[in-house]
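Architecture and fold: a report
Spelled out from the first residue to the last, the chains are:
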Amino acid sequence: MNYTAGRHFLQIPGPTNVPERVLRAIDQPTIDHRGPRFQQLGQEVLAGLKHVFKTKATVIIFPASGTGAWEAALVNTLSPGDKVLMFETGHFASLWQSMAQRLGLVVEFVAGDWRHGVDPAAVESRLAADKSHAIKAVMAVHNETSTGVTSRIGEVRKAIDRAAHPALFMVDTISSLASIDYRHDEWGVDVTVAGSQKGLMLPPGLSFNAVSDKALAAGKSAKLPRSYWSWEEMLGPNRNGFFPYTPATNLLYGLREALKMLLEEEGLENVFRRHDRHAEATRRAVRAWGLEILCLNPAEYSSALTAVLMPEGHNEAEFRKTVLAHFDMSLGSGLGKIANKVFRIGHLGDFNDLMLCGTLCGVEMGLELAGVPHQKGGVAAALDYLAGGTAEKKTAKAA
Ligand SMILES: *Cc1c(COP(=O)(O)O)cnc(C)c1O
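Bear in mind the structure is a predicted one, so any value in this text is a computation, not a measurement. (Residues numbered from 1 in each chain as written. Predicted model: local features only at pLDDT ≥ 70, side-chain atom pairs only at ≥ 80, totals over all residues. Heavy atoms only, no water.)

A short note on the sheet that holds strand 14 (residues 342-346)
What the three strands build is an open sheet, ordered 11-12-14; its pairing is antiparallel. The sheet is open, and its two borders are formed by strand 11 (292-293) and strand 14, each paired with just one other strand. Pairing geometry for strand 11 and strand 12 (residues 305-309), over two bridges, is antiparallel. Bridge pairing in strand 12 links Ile 293 to Val 308. Seen against the sheet, helix 10 (residues 268-289) touches strand 11, strand 12 and strand 14 and runs at an angle of roughly 15° to strand 12. (Pairing = 2+ DSSP bridges. Helix = DSSP H or I, 4+ residues; strand = E, 2+ residues; numbered from the N terminus. Contact = heavy atoms within 4.5 Å. Axes fitted to C-alpha atoms, helices over the stretch in contact; angles between N-to-C directions.)

Quick notes on the packing of helix 10 against helix 12 (residues 353-369)
Between helix 10 and helix 12, the least distance of the axes is 11 Å, while the angle of their chain directions is 20°. Comparing the axis directions of helix 10 and helix 12 gives the class roughly parallel. Helix-helix and strand crossings are classified by hand; for helix 10 and helix 12 the assignment is right-handed. Two secondary-structure elements touch here, helix 10 through Arg 277, His 278, Ala 281, Thr 282, Ala 285 and Trp 289 and helix 12 through Asp 353, Leu 356, Leu 360, Val 363, Glu 364 and Leu 367. When grouped by side-chain class, the residues that make up the contact of helix 10 with helix 12 number seven nonpolar, two polar and three charged. (Parallel < 35°, antiparallel > 145°, perpendicular 65-115°, else oblique. Left-handed = near helix turned anticlockwise from the far one by under 90°. Nonpolar A, V, L, I, M, F, W, Y, C, P; charged D, E, K, R; others polar.)

Description of the pattern of salt bridges
Scanning the model with the defined rule gives 23 salt bridges in all. The salt bridge involving Arg 152 is made with Glu 300; its shortest N-O contact spans 3.3 Å. Of this pair, Arg 152 sits in the loop between strand 7 (149-150) and helix 6 (153-162) while Glu 300 sits in the loop between strand 11 and strand 12; the two residues are 148 residues apart in sequence, bridging distant segments of the chain. Where Lys 158 meets Glu 155, a salt bridge forms, and the shortest distance between an N and an O atom there is 3.4 Å. Linking Lys 158 with Glu 155, this pair stays in helix 6, spanning three residues, or about one helical turn. (Salt bridge = Lys/Arg side-chain N within 4 Å of Asp/Glu carboxyl O.)

Focus on the site of the ligand
Around the ligand sit 13 residues in total, of which Ser 65, Thr 67, Thr 145, Asp 172 and Lys 198 are the nearest. For the ligand, an oxygen atom lies 2.8 Å from a polar atom in the backbone of Gly 66. The separation between an oxygen atom of the ligand and a polar side-chain atom of Lys 198 is 2.6 Å. Computed on the free molecule, the ligand has an accessible area of 380 Å², of which 87% lies beneath the protein chains in the complex. No other element matches the three residues that helix 3 (residues 66-75) contributes to the shell around the ligand. For the shell around the ligand, a count of residues per class yields four nonpolar, seven polar and two charged. (Near = heavy atom within 4 Å. Polar contact = N/O pair within 3.5 Å; in protein donor to acceptor, adjacent residues only side chain to side chain. Areas by Shrake-Rupley, 256 points an atom, 1.4 Å probe, with all protein chains shown as cover.)

Considering the sheet that holds strand 3 (residues 83-87)
Within the open sheet, the seven strands sit side by side as 2-10-9-8-5-3-4. Their pairing is mixed. Each end of this open sheet is capped by a strand with a single partner; those strands are strand 2 (58-62) and strand 4 (106-110). Mean inter-strand twist for the sheet, computed between neighbouring axes without regard to direction, equals 20°. Of the pairings in the sheet, the one linking strand 5 (residues 135-141) to strand 8 (residues 168-172) comprises five bridges and is parallel in character. Looking at strand 8, one finds that Met 139 is bridged to Met 170. The strands that helix 8 (residues 231-238) touches are strand 2, strand 9 (191-195) and strand 10 (207-211); relative to strand 2, the one it contacts most, it runs at about 105°.

Concerning the nonpolar core
Taken as a class, soluble globular proteins show a tendency for nonpolar side chains to be buried jointly. Grouped together as the largest cluster of nonpolar side chains are 90 residues, with contacts concentrated most on Ile 61, Trp 96, Met 170 and Leu 255. Counting residues in each nonpolar core, the second largest holds 27 residues, with Val 308, Val 363, Val 372 and Ala 382 among its members. (Core = buried A, V, L, I, M, F, W, Y, C linked by side-chain atoms within 4.5 Å. Buried < 20%, exposed > 50% of the residue type's maximum accessible area, 1.4 Å probe, protein only.)

Here's the deal with the packing of helix 5 (residues 120-129) against helix 6
Where helix 5 contacts helix 6, the axes come no closer than 8 Å and their chain directions differ by 25°. As the angle between them shows, helix 5 and helix 6 are arranged roughly parallel. Seen from above, helix 5 lies across helix 6 with right-handed handedness. Two secondary-structure elements touch here, helix 5 through Pro 120, Val 123, Glu 124 and Leu 127 and helix 6 through Glu 155, Val 156, Ala 159, Ile 160 and Arg 162. Grouping the amino acids of the contact of helix 5 with helix 6 by side-chain chemistry returns six nonpolar, no polar and three charged.

A look at the packing of aromatic side chains
What the rule picks out here adds up to eight aromatic pairs. Judged by centre distance (5.5 Å) and plane angle (85°), the rings of Tyr 182 and Trp 187 are edge-to-face. Each member of the pair, Tyr 182 as well as Trp 187, is classed as buried. On the basis of an interplanar angle of 55° and a centroid distance of 4.7 Å, the ring pair of Phe 319 and Phe 343 is categorised as tilted. Of this pair, Phe 319 sits in helix 11 (residues 316-327) while Phe 343 sits in strand 14, and the two are 24 residues apart along the sequence. You can call Phe 319 buried: its relative accessible area is 1%. Ring pairs connect the aromatic residues Phe 62, Tyr 228, Trp 229 and Tyr 245, which therefore count as one cluster. Lys 198 extends its terminal NZ or CZ atom over the ring of Phe 92, reaching a point 5.4 Å from the ring centre. (Phe/Tyr/Trp six-rings, centres within 6.5 Å; stacked < 30°, edge-to-face > 60°. Lys NZ or Arg CZ within 6 Å of the ring centre and 35° of its normal.)

Taken by themselves, the reported measurements are silent on function.
Here it is, written out as structure tokens:
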């Protein structure tokens, strides 16, 4: 392999760019996970995470990928044969659905076109029709990473309430937490699933459940087998900052640093605004190129990533290969049903205006080099928007 000068652009929608500060924090000696120094670390991160989920409820950390926390959500709350309501918003919703089936749950899977989020009206009508309350859980993916569509979780909650249905509400926020506004308590979510390697700016390897009291209570009678994923096993030691098995100590050092950056230094609301702004600049670029954004409902545009349809007869894999070879930038591929049809620009995590500019330059030059029909001016449209935003800020400061 030849040396490639400069920095690689990791613009897939997770894993995201890990800040130097987080890498330095991880690069410390591993300590005794039963000792007092660890106890302080454990207590600090467990408390800090609650602010990210916007909850006063319990948060649990697993040394696992997000998929592990998906499984934990199901096995801690449900019994074999239980019915769950899920929505085909894209690849990740489909994978979570397959897992539920493999675990012995009965899934009512509402078909979707992979260009819209969960329809609150469909939630209401399905639940209203379920007079016997056979449905034990409603499960939704907040930000569908395969399509760049963000479901309106607050609206889904209202739909569940209108149907006056007692089902648990479980939400996957693996690619939205700490990038897109999310409110576990306010939206009455019972189990929130998250992961470390996207908005939280950490390497892969940690995943999370935020758990309501209602979900904890459901766990008492839930019959799916569980051991490694058992909340109950976790909660005892967690009360004092410890874990029932060896935790991923060094990733927790990184988490402590990331929480400091997100909560104390930048502030979550500013983090969300930054993501919104980069997403808008990206969409302006895509439109100027004459390409189509996969998400059809502007109220559901994702601030974490943008999925772009390839023009008919052009393959996204070839295009991404060109971009990687010429500019050392990785873009997201088309997943599942939309393989070869869509590429994805990740604009989440530790990311700023000039990183976005570099990313969009790489896309525009890549379209040219790969012979993908497009118009010039996407980058220019994004720059106009970004500079305009900066000018507004300056005037506001001067005033
Ligand atoms: C990345 C992702 C997953 C899978 O997480 P892993 O850490 O790869 O197990 C699940 N759901 C969504 C929405 C994701 O973005």
